[in-house]
Amino acid sequence: TKDTEACAGCGVKLQTEQQDKLGYVPEQALNRTPVICQRCFRIKNYNEVSGTTLNQDDFLKLLSHVGSTKSLVVNIVDIFDFEGSLISGLSRFVGDNPVVLAVNKIDLLPKVTNFNKIVNWVRKQAKEFGLKVVEVVLCSAKQNMGFDRVIQALDEYRDGRDIYVVGATNVGKSTLINRLIRDYSDLDAELTTSHYPGTTLDLVKIPMDDGTFIIDTPGIVYPHRLTELVSKQDLGKLMPDRPLKPLVFQLNEHQTIFFGSYVRFDFVQGERQSFTFYVSNAIPAHRTKLERADELYAEHKGVMLAPPTLEALEQLPKLAKHPVRIPKGKIYDVSISGLGWVKVNSDVGADLMIHVPKGIKVAVRESMI
Ligand code: GDP
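Now for a look at the structure at hand. From a predicted model like this one, the values you see are computed outputs, not experimental measurements.

### Description of the site of the ligand
In the vicinity of the ligand lie 18 residues, with Ala141, Lys142, Gly172, Lys173 and Ser174 positioned nearest. Element by element, the count of residues in the shell around the ligand is highest for helix H7 (residues 173-184), at three residues. For the shell around the ligand, the residue count by class is three nonpolar, 10 polar and five charged.

### Observations concerning helix H5 (residues 115-128)
An ideal rise of 1.5 Å per residue puts 20 Å on 14 residues; H5 measures up with 20 Å between its terminal C-alpha atoms. In this structure, the buried side of H5 is in contact with strand E3 (99-104) and strand E4 (135-138). One or two residues past the end of H5 sits Gly130, with phi positive at roughly 85°.

### With respect to the pairing of strand E8 (residues 213-216)
Side chains Phe213 and Ile215 project from E8 onto one buried face, and the interleaved Ile214 and Asp216 project onto a second face that is buried too. Of the pairings in the sheet, the one linking strand E5 (residues 162-167) to E8 comprises three bridges and is parallel in character. Counterpart to Val165 in the pairing with E8 is Asp216. The sheet contact formed by strand E7 (residues 204-207) and E8 spans four bridges and is antiparallel. Looking at E8, one finds that Ile206 is bridged to Ile214. In textbook terms, the turn of a hairpin is the stretch between consecutive antiparallel strands, and for E7 and E8 this stretch comprises five residues, one of which, Gly211, has a positive phi near 90°.

### Observations regarding the sheet that holds strand E16 (residues 332-336)
With antiparallel pairing, five strands are arranged side by side in an open sheet as E10-E13-E17-E16-E19. What marks the edges here is a single partner per strand, and that holds for strand E10 (247-251) and strand E19 (362-366). Taken over all neighbouring pairs, the strand axes of this sheet differ in orientation by 25° on average, direction set aside. Where strand E13 (residues 273-279) meets strand E17 (residues 340-344), five bridges bridge the pair, whose relative direction is antiparallel. By the bridge assignment, Phe277 is partnered in E17 with Val342.

What counts, and at which threshold
Residues numbered from 1 in each chain as written. Predicted model: local features only at pLDDT ≥ 70, side-chain atom pairs only at ≥ 80, totals over all residues. Near = placed C-beta within 6 Å. Helix = DSSP H or I, 4+ residues; strand = E, 2+ residues; numbered from the N terminus. Nonpolar A, V, L, I, M, F, W, Y, C, P; charged D, E, K, R; others polar. Expected span 1.5 Å × (residues − 1). Contact = placed C-beta atoms within 7 Å. Buried ≥ 20, exposed ≤ 12 C-beta atoms within 10 Å, placed from the backbone. Pairing = 2+ DSSP bridges. Axes fitted to C-alpha atoms, helices over the stretch in contact; angles between N-to-C directions.

As structure tokens, this is what we get:
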């Protein structure tokens, strides 16, 4: 049957059952010649790439050969979830190849942001993380900002190399790749994506006019990101869609802020001070006394403390506590992967307790803004 045939575009085995899996082709499209999978169909007809995903280990396996090639790697990260979207182990597999770090979604930062400062901050964070990059470019795939700089950086380091585009899910990789295809290839080009030989995995090689390839890699799923654990609908609330309006709270010790039922922030001990929350405004904040917080949560989770709904909350891991000690002498952020971050505005120190669904990454970093 046609079901066992391979896609004429990428070589993956065709199937008609599961739309979200590789090789899917709608039943009625089997009569076309050549038969190509829906993904190749989209690339051909709309110049659009839609993502597939992998976990980090499989991703690194899939790309283990990159170190022995002469390539250029573009790593896209999300400024709204910087720690959560960094790829650990990236430096190991790229070998000596240059890495351009494209920091996407900068349209979300407040309008008054000093972007030079952000670039320096990103450089420093990347270095601390052990990631060596030749260039940091801030961009917004959505607002079409900074792309000229991305293209410029790629041209500078390309030198006949293939370009691997890597990133966690939801960082804006598809948007960027589609932009690259438009810039580097002829829109009417024949479908020539070819499946990576010898594997059934999903690297999509997109031929450019100069004979090199842009290689689209699966988005990496990190379960430590809150955005991976929620429904599509709630994802739309967690991810801000306009510049962040930071929320400032003057807090005394023993006060608590809830963000929906997703996260609870306790100011356990320290001088009265202000905290700035960079969280999507679709997630309402509720303030209460620390001694009231357990009770409030028990009574109002999923209803007054929403999103998520009670039903959706049951799908999430239970809240787990992360004690955080902010030292004196410097301004820090506490980042909560997928929710945003909290800037601790004074340098007098504070003891915090951050409650997040178990497994979600909480990190303390030098303040970004
Ligand atoms: P991929 O999963 O990495 O391929 O990411 P997509 O390109 O599908 O984008 C994921 C989500 O992020 C979508 O909801 C996009 O609308 C959103 N997004 C992508 N780029 C930007 C950006 O520059 N700014 C903002 N605010 N959102 C973006």
